[in-house]
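Here are the chains, one letter per residue:
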Amino acid sequence: MGSGLVLQQLKLFPADTDKTLNLYVIYIALPALILQQVPGLVFSSSLLAPFIMPWLVVLFSGVIVLLLCRFMGWSREVTGALLLMVPLGNTSFLGIPMIQHFIGAKGIPYAVLYDQFGSFLALSSYGSLVLAFYSPSARPGFFPIIQRILLFPPAIALVTALYFHGITYPAWFGSLLSMTAKSMVPVVMVAIGFQMRLLLDKHDLLPLTCGLILRLLIVPTVFILSCKALGISGLAVHVSLLETAMPPMVTAGALASIAGLRPELSSAMAAYGILLSFFTLPLINIWIK
């Protein structure tokens, strides 16, 4: 990530380099990782966690944000930005590398399920509803949303991987997938560093602080305590709980900015959230274990 920040300051690359890197991850590296990891997934009741928990996170944090914004009297733009940035976590670009770091390759299939059936679908459905209700710009239609979901490369890769569940790839193809998948982490980190914007209006400081406390601390705390109280544990639960602690989604921040929902606040939440998560995620991981 530091190299991305350095490249951003030196201006050696085009200003939209981060978009090119993100496209590489979306169209090549992440689908390769999904095709590599998901066919070996063991189906059991533990898979309910990565399917259900992301939607519970969206529901819980969305209600809390609405109550907070009404209590504080914040504008529709701030409310819309927080409704996108707090419920939707960076469970793919940052989440999958962090799961690999803290848990290892065995946790990646569950992280993929959490991201694709949770965060991505939530971004496409819930996120579109937020944009339609709070954005002054054009509202997305039903069919473009469905088309976006069906044609999203990682989603196509996930369906393909589930179809080939239990098979063993030819050695050459497995090596190709492995080599491509390994490029995801360094490319993602450079892209994140390159697109970081840390400037912030002083009027957005309180919404930023409240939003990040909710996203990085309160939401994971509620779900960790709930799972411990219910006696729910296991690898899939561990991965899902760690995903609840990921910082705000960069893509959600980009959509909020495009829609005019407090662009500076949205960008700052994504940037500062990533920086703070390098301190909060290790603590959350220790607590879960």
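The rules we used
- For every chain, the first residue of the written sequence is number 1, and numbering continues from 1 onward in sequence order.
- Selection of residues for local features in this predicted model requires a pLDDT of at least 70, selection of side-chain atom pairs for listing and counting requires 80 or more, and totals for whole chains, interfaces and linings are taken over all residues.
- Each side-chain value is worked out from all heavy atoms of the structure, with water and hydrogens disregarded.
- By salt bridge we mean one thing: a side-chain nitrogen of Lys or Arg within 4 Å of a carboxyl oxygen of Asp or Glu.
- Going along the chain from the N terminus, every DSSP run of H or I of four or more residues is numbered as a helix, and every run of E of two or more is numbered as a strand.
- In this scheme, a residue with accessible area under 20% of its type's maximum is buried, one over 50% is exposed, and one in between is partly exposed, where area comes from a 1.4 Å probe on protein chains only.
- Within this scheme, the nonpolar core is defined by two criteria: the residues are buried Ala, Val, Leu, Ile, Met, Phe, Trp, Tyr or Cys, and they are joined through side-chain atoms within 4.5 Å.
- Throughout, a contact is declared for two residues whenever any of their heavy atoms are within 4.5 Å.
- To obtain an axis, a line is fitted to C-alpha atoms, over the contacting stretch when the element is a helix, and the angle between two such axes runs from 0 to 180 degrees between their N-to-C directions.
- When describing relative orientation, an angle under 35 degrees is termed roughly parallel and one over 145 degrees roughly antiparallel, while 65 to 115 degrees is termed roughly perpendicular and anything else oblique.
- Handedness of each helix crossing follows the sense of rotation of the near helix against the far helix: counterclockwise by less than a right angle gives left-handed, clockwise gives right-handed.
- Note that Gly is not counted as nonpolar here; it falls among the polar residues with everything else outside the nonpolar set of Ala, Val, Leu, Ile, Met, Phe, Trp, Tyr, Cys and Pro and the charged set of Asp, Glu, Lys and Arg.

## Re the pattern of salt bridges
Here's step 1: One pass over the full model with this rule turns up one salt bridge.
Here's step 2: Close ionic contact of Arg-262 with Asp-204 constitutes a salt bridge, the shortest N to O distance being 2.8 Å. Linking Arg-262 in the loop between α14 (250-258) and α15 (263-288) with Asp-204 in the loop between α11 (184-195) and α12 (205-230), this pair joins segments that are 58 residues apart in sequence.
Here's step 3: The exposure class of Asp-204 is buried, given its relative accessible area of 2%.

## Digging into the nonpolar core
Here's step 1: In this structure, Leu-82 and Leu-88 are the most contacted members of the largest nonpolar core, which totals 85 residues.
Here's step 2: Other than its neighbours up to four places away in sequence, Leu-88 contacts Val-58, Ser-119, Ala-122, Leu-123, Tyr-126, Arg-215, Pro-247, Pro-248, Met-249 and Ala-252.

## Remarks on the packing of helix α3 (residues 48-72) against helix α13 (residues 235-244)
Here's step 1: Across the interface, α3 lies against α13 with an axial gap of 9 Å and an inter-helix angle of 25 degrees. Taken together, the axes of α3 and α13 lie roughly parallel to each other. For the pair α3 and α13, the sense of crossing is right-handed. Where α3 approaches α13, its residues Ala-49, Pro-50, Met-53 and Val-57 are matched on the opposing element by Ala-236, Val-237, Ser-240, Leu-241 and Thr-244.
Here's step 2: Tallied by class, residues from the contact of α3 with α13 come to seven nonpolar, two polar and no charged.

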